[in-house]
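Here is what each chain is made of, one letter per residue.
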Amino acid sequence: MELKVIKASVEKGEGLGWGKSLLVPSIQEILKNDSQSVPERYIQEPKDRPLISQNLFDSLQVPVIDFSMLAQKDANEIRKLDLACKEWGFFQIINHGVREEITVNMKAAMAAFFELPFQEKSKCAKGANEIQGYGQNFVVSEKQKLDWCDMMFLKTFPHETRNFKFWPLTLPGFKEAVEEYSTEIRKVSNKIDANLSVLMGMDENGLKRKLGEFQQGIRMNYYPTCSRPDLVLGISPHSDGSLFTLLLQDDEINGLQIKHKEVWIDAKPIPNSLVVNIGDAIEILSNGMYKSIEHRAISNEKKPRMSIATFVMPGDEVQIGPLDSMVNEKHLPRSYRNIKYIDYIRQKFAMKMQGKAHTAIVKL
Ligand code: OGA
Ligand code: NI
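Residues numbered from 1 in each chain as written. Chains lettered and ligands numbered in written order. Predicted model: local features only at pLDDT ≥ 70, side-chain atom pairs only at ≥ 80, totals over all residues. Heavy atoms only, no water.

The cut-off we apply is this: UniProt positions are given in the numbering used here, feature names are shortened, and annotations may be inferred rather than shown by experiment.
Looking at an unreviewed UniProt entry, one finds the protein named Fe2OG dioxygenase domain-containing protein and attributed to Gossypium mustelinum. Its UniProt record gives the protein the following Sequence similarities (unreviewed entry) comment, quoted word for word: "Belongs to the iron/ascorbate-dependent oxidoreductase family."

Now the structure itself:
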């Protein structure tokens, strides 16, 4: 879709809520009938296929940040965080303080949901004009290639954004697990937000003061096994529209890849860690100092993979634009225009996942 068309429809305020997406079949269900099948709609164009056997950059590692050192305001660790945000847009945090019991329960609750019969899961299905619920988002054309993934997206904070119509409330323990996990993750995200505020030239409460109460949404990704992982993508290359995202990934199975200096490298799992990545909103607020980096997920032949992405976002009505502390007309001219967050998110949901294409709309 042309950016101009989206811009016009965004400015007219068309579409309610955050957006819509065509309804697509569940890949998990397709594979129940034929586990070897790779339907044509999922086969990527040759230029987009992942090179599964390429391990040339195996030695490159996403930076690891010890969160307990940040809490002690350790200057070295803070410097590492700054570099990780500037040079990678991604880091893994260890000693983040979320008890293992809580992440274990969250993963178990998600697994139990995806193990339910399709009829049961469908009770939480998203509608075409919804982005919350069970299904898939970012599908805008019948011709578009589909991701090898089923997902469940739920808004979790502020409380009033929770829409229990999409929650499997009869699944024992699900609601409790998501509520506990989202509360604990919010504590971690508050600390990240305080650190980023300081790194961007403000005091610890700078971002909160500017943006108000943050929103939180959780996307659970279920990637079934695939007989031809070289032909498909678990999740297409994209950057996240959030301020930042915290990803709980499988402890053993590789899948997440990030584009670092033009090559795709694996974000290898570290047990009990969380992967954090800078989203488009921090890229804009930081005037491009911290970039939201393209990432994707690949599938594998051996085991289904699950991941849980928590997006931390400004409120819908908040204007985002480069912070005064990040603009200097001489050395750091303003390179993004201001935009209301909901308008940004609507234009993002109006496109397929396509690398960083959606950030172009706010570039000056
Ligand atoms: C996402 C995402 C990566 C993964 O949900 O936005 O990038 O490894 N997920 O599942
Ligand atoms: Ni992502």
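On we go.
## Let's talk about unusual backbone geometry
Note the following rule: Secondary structure is summarised from DSSP: a helix means a run of H or I of at least four residues, a strand means a run of E of at least two, and numbering begins at the N terminus for each.
In the segment running from Phe 157 into Pro 158, the intervening peptide bond is cis, with an omega of -5 degrees. Relative to the helices and strands, Pro 158 resides in the loop between strand E4 (150-157) and helix H7 (174-199). Positive phi values are uncommon outside glycine, yet Lys 73 reaches one of about 60 degrees. Its location among the elements puts Lys 73 in the loop between helix H3 (67-71) and helix H4 (75-87). Even without being a glycine, Asn 272 presents a positive backbone phi close to 65 degrees. If you trace the backbone, Asn 272 turns up in the loop between strand E9 (263-266) and strand E10 (274-278).

## Considerations on the pairing of strand E2 (residues 90-94)
This is how the line gets drawn: Relative accessible area decides the class of each residue, using a 1.4 Å probe on protein chains only: under 20% of the type maximum gives buried, over 50% gives exposed, and in between gives partly exposed. Between any two strands, pairing holds if DSSP finds at least two bridges.
Counting buried positions along E2 gives four out of five residues, so the element sits mostly inside the fold. Relative to E2, strand E1 (residues 64-66) is paired through three bridges, and the arrangement is parallel. Following the sheet pairing, Asp 66 is matched in E2 by Ile 94. Pairing of E2 with E10 involves four bridges; the strand directions are antiparallel.

## Brief notes about the site of ligand 1
Where we set the bar: Each residue is tested against the molecule or strand, and it is near if at least one of its non-hydrogen atoms lies within 4 Å. Identification of polar contacts relies on pairs of N or O atoms within 3.5 Å, with a donor-acceptor requirement for protein atoms, meaning one able to donate a hydrogen and the other able to accept it, and with residues adjacent in sequence counted only if both atoms are side-chain atoms. To measure how exposed things are, a 1.4 Å probe is used in the Shrake-Rupley method; for residues, cover is taken only from the protein chains shown.
Around ligand 1 there are 13 residues in total, and Asn 221, Tyr 223, His 295, Arg 305 and Ser 307 lie nearest to it. A distance of 3.0 Å separates an oxygen atom of ligand 1 from a polar side-chain atom of Asn 221. Contact between ligand 1 and Tyr 223: an oxygen atom at 2.6 Å from a side-chain N or O atom of the residue. Relative to its free-state accessible area of 290 Å², ligand 1 is covered by the protein chains to the extent of 97%.

## Description of the environment of Pro 224
Applied cut-off: In this analysis, two residues are considered to be in contact whenever any of their non-hydrogen atoms come within 4.5 Å of each other.
Checked against the element boundaries, Pro 224 lands in the loop between strand E5 (215-223) and strand E6 (235-238). The exposure class assigned to Pro 224 is buried, which follows from its relative accessible area of 6%. Separated by 17 residues in the primary sequence, Pro 224 and Gly 241 have C-alpha atoms spaced 25 Å apart. Dropping the residues within four chain positions of it, Pro 224 is found in contact with Ile 27, Gln 28, Leu 31, Trp 148, Cys 149, Ser 299, Asn 300 and Pro 304.

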